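Coordinate inspection notes
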Amino acid sequence: MAEIRDRYDYVIVGGGVAADKAARAIRKRDEDASIAIFSDEADEPVYRPELSKGLWFGDDPDPASQALGTAADTGAEFHAETKVTALRPDDHEIEAGGATVGYGKLLLATGAGPKTAPGDSKRVLYLRNVADYRRLREAAGEAKHIGVVGGGFIAGEVAAALSTEDLDVTLLHPGERALGGLFPASISKVVEKDFADHGVALKSGFRLKEAADDGDHVVARGADGEEHRFDYLVAGLGATLNTKLAREAGLELEGGGVAVDESLQTSAPDVYAAGDIATFTDPVFGRRGVAHQDNAEKGGTAAGSAMTGEDTVYERTPMFFADLFDNGYEAVGRTDTRLHVIERWNDERTAAVVFYTHGDGERLLVDGVLTWNTFGKRKKAAELARRSQVEDLGEEDILAAIEPAG
């Protein structure tokens, strides 16, 4: 590892894809600049979606296959396992690895960490980074029964990934249907059948109260007293934004994240934020934060460009995506089944477009769109949501806007 210098032209705090994209954008526009990336993690940036996707279903389970080659490609110094403990914007410096480091421009790309399970069990696992992936792989190799708890797409993807291993898998989720907060009943039924066909047991209506060790097992106790014993329990309970550094530095926070302007600059001069932690202006849905890969990639590139002095405006409605066995989906906006849901299926009932709306019936506003086994419709979905804000659209207008595949 390179010795930490006293100063760099550009400092990036965080070791994910936003950091990678920012470093590439900086190097493209500033060939001779010094760049340093400081990360809590031991591994250089990887393409993280594959930690719960292709590494389980493909031929190569080695996470090194997903390395982005950030340092080699950009010449940035990557300081692994080096925690940034303080940011002092007025002095243009940070504390990192016990050293005081000056910077010209700085990017906060600290991402998010998992919401931790209540209790003190050492047999609770998470899946956010390469170290988590390695630990989960090791656990899957020795376990007979692993539980997954959570109602969102991460819990669903982890349960699907574990189904490829020689062990029993149980998905504990809080709703009546698996992923019922995201999918309407028509899709949830497909998902539940896929889980069953791949040997994943489902337990609905489970809300985790505590995870406690019991010898060589972990006991997942529900709010109603129900208990389940596993060799390990994977918690997919959501994410917590890593904003501690920004908060302690006095940066303006908004909506739980770090407030940024159109160029992704924070309230402090020469300090930018991108990825999960940034609260930005979505051109369709307004001020919001988006903790998904697409926002990290595009936001990292935009922030890196802006840091070099380029006139950059971040104008994007990010998408998110996931795979479940042989099915997949993409989505934009708010995909919450508590909204008024409208569905359009193809004739074969193999692909669909789901619209999440609210309104009075005569005029509906589109809050989100999910395309099931229908890909490449992000722009159309965003445009439909924008149209609904200025035009009187009813159900027929919305249904006609995007056609499912097939």
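An unreviewed UniProt entry annotates the chain as FAD-dependent pyridine nucleotide-disulfide oxidoreductase of Corynebacterium otitidis ATCC 51513.

Another aspect to go through is the overall build of the chain. Counting its secondary structure elements, the chain contains ten helices and 26 strands. In terms of overall dimensions, the chain is globule-like: its C-alpha atoms have a radius of gyration of 22 Å, near the 22 Å expected for 406 residues. A principal-axis box enclosing the C-alpha atoms of the chain has dimensions of 60 × 60 × 40 Å. In the chain, which comprises 406 residues, the proportion classed as buried is 54%. Here the contacts in the chain between residues at least 6 apart in sequence split such that 63% fall between residues at least 24 apart.

Looking now at the pattern of salt bridges. Counting across every chain of the model gives 29 salt bridges. The closest approach of N and O atoms between R229 and D214, which form a salt bridge, is 3.2 Å. With R229 in strand β14 (residues 227-230) and D214 in strand β12 (residues 208-214), this pair connects stretches of sequence that are 15 residues apart. With relative accessibility at 45%, the residue R229 sits in the partly exposed group. With relative accessibility at 37%, the residue D214 sits in the partly exposed group. Among the salt bridges present, the one from K298 reaches E297, with a minimum N-O distance of 3.8 Å. Take E297: its relative accessible area is 19%, and that puts it in the buried class. Each of D294, E297, K298 and R316 takes part in salt bridges that share partners, so that together they form one network.

So, on to the packing of helix α1 (residues 17-29) against helix α8 (residues 293-307). Here α1 crosses α8 at 30 degrees, and the two axes come no closer than 7 Å. As summarised for this structure, α1 and α8 are arranged roughly parallel, according to the angle between their axes. Remark: the crossing between α1 and α8 carries right-handed chirality. For the pair α1 and α8, the contacting residues are V17, A18, K21, A22, A25, I26 and R29 in the first and Q293, A296, E297, G300, T301, G304, S305 and M307 in the second.

The end-to-end C-alpha distance of helix α9 (residues 378-390), which contains 13 residues, comes to 19 Å, matching closely the 18 Å that a straight helix rising 1.5 Å per residue would cover. Each element contacted by the buried residues of α9 is listed here: β22 (319-324), β23 (327-333), β25 (352-359), β26 (364-372) and α10 (395-401).

Right, let's talk about the nonpolar core for a bit. Soluble globular proteins tend to pack their nonpolar side chains together in the buried interior. L87, I94 and L108 are the most contacted members of the largest nonpolar core, which has 52 residues in total. With six residues, the single largest contributor to this core is α1. Beyond its immediate stretch of four places on either side in the chain, L108 contacts V13, L87, L245, A246, L251, V271, Y272, A273, A274 and I277. In terms of nonpolar packing, the next biggest core, distinct from the first, is built from 46 residues, A139, I146, L182 and F325 among them.

Another point: the packing of aromatic side chains. Here the structure, examined in full by the defined rule, presents nine aromatic pairs. Judged by centre distance (5.1 Å) and plane angle (90 degrees), the ring pair of F183 and Y329 falls under edge-to-face. Note that F183 is positioned in the loop between β10 (168-172) and α6 (185-197) and Y329 in strand β23, a separation of 146 residues in sequence. Judged by centre distance (5.4 Å) and plane angle (75 degrees), the rings of F183 and W372 are edge-to-face.

The subject of this paragraph is the domain arrangement of the chain. Often, the extent of an interface is quoted as the loss of accessible area on bringing the components together. Domain assignment breaks the chain into domain 1 (7-113 + 239-318), domain 2 (116-235) and domain 3 (326-401). Taking only C-alpha atoms into account, the centre of domain 1 sits 30 Å from that of domain 2. With 17 residues of domain 1 at the interface, the matching set in domain 2 holds 16 residues. Where domain 1 meets domain 2, there are three salt bridges. A salt bridge links E157 to K53, with the nearest nitrogen and oxygen atoms 3.0 Å apart.

Before going further, it helps to spend a moment on the pairing of β10. Across the five residues that make up β10, a large majority, four, are buried. In terms of strand pairing, strand β9 (residues 145-149) meets β10 through five bridges, oriented parallel. Opposite G147, over in β10, you have T170 as the bridge partner. The pairing of β10 with strand β11 (residues 200-203) spans four bridges and is classified as parallel. Considered in β11, the bridge of L172 is made with K203.

Turning to its location among the elements, R288 is positioned in strand β21 (residues 286-288). The class of R288 is buried, set by a relative accessible area of 18%. Residues contacting R288, with those up to four places away along its chain left out, are A278, T279, F280, D282, P318 and G333.

Conventions and cut-offs
- Residues numbered from 1 in each chain as written.
- Predicted model: local features only at pLDDT ≥ 70, side-chain atom pairs only at ≥ 80, totals over all residues.
- Heavy atoms only, no water.
- Helix = DSSP H or I, 4+ residues; strand = E, 2+ residues; numbered from the N terminus.
- Rg over C-alpha atoms; globule rule 2.2 N^0.38 Å.
- Buried < 20%, exposed > 50% of the residue type's maximum accessible area, 1.4 Å probe, protein only.
- Contact = heavy atoms within 4.5 Å.
- Salt bridge = Lys/Arg side-chain N within 4 Å of Asp/Glu carboxyl O.
- Axes fitted to C-alpha atoms, helices over the stretch in contact; angles between N-to-C directions.
- Parallel < 35°, antiparallel > 145°, perpendicular 65-115°, else oblique.
- Left-handed = near helix turned anticlockwise from the far one by under 90°.
- Expected span 1.5 Å × (residues − 1).
- Core = buried A, V, L, I, M, F, W, Y, C linked by side-chain atoms within 4.5 Å.
- Phe/Tyr/Trp six-rings, centres within 6.5 Å; stacked < 30°, edge-to-face > 60°.
- Domains from an automatic or database assignment.
- Pairing = 2+ DSSP bridges.

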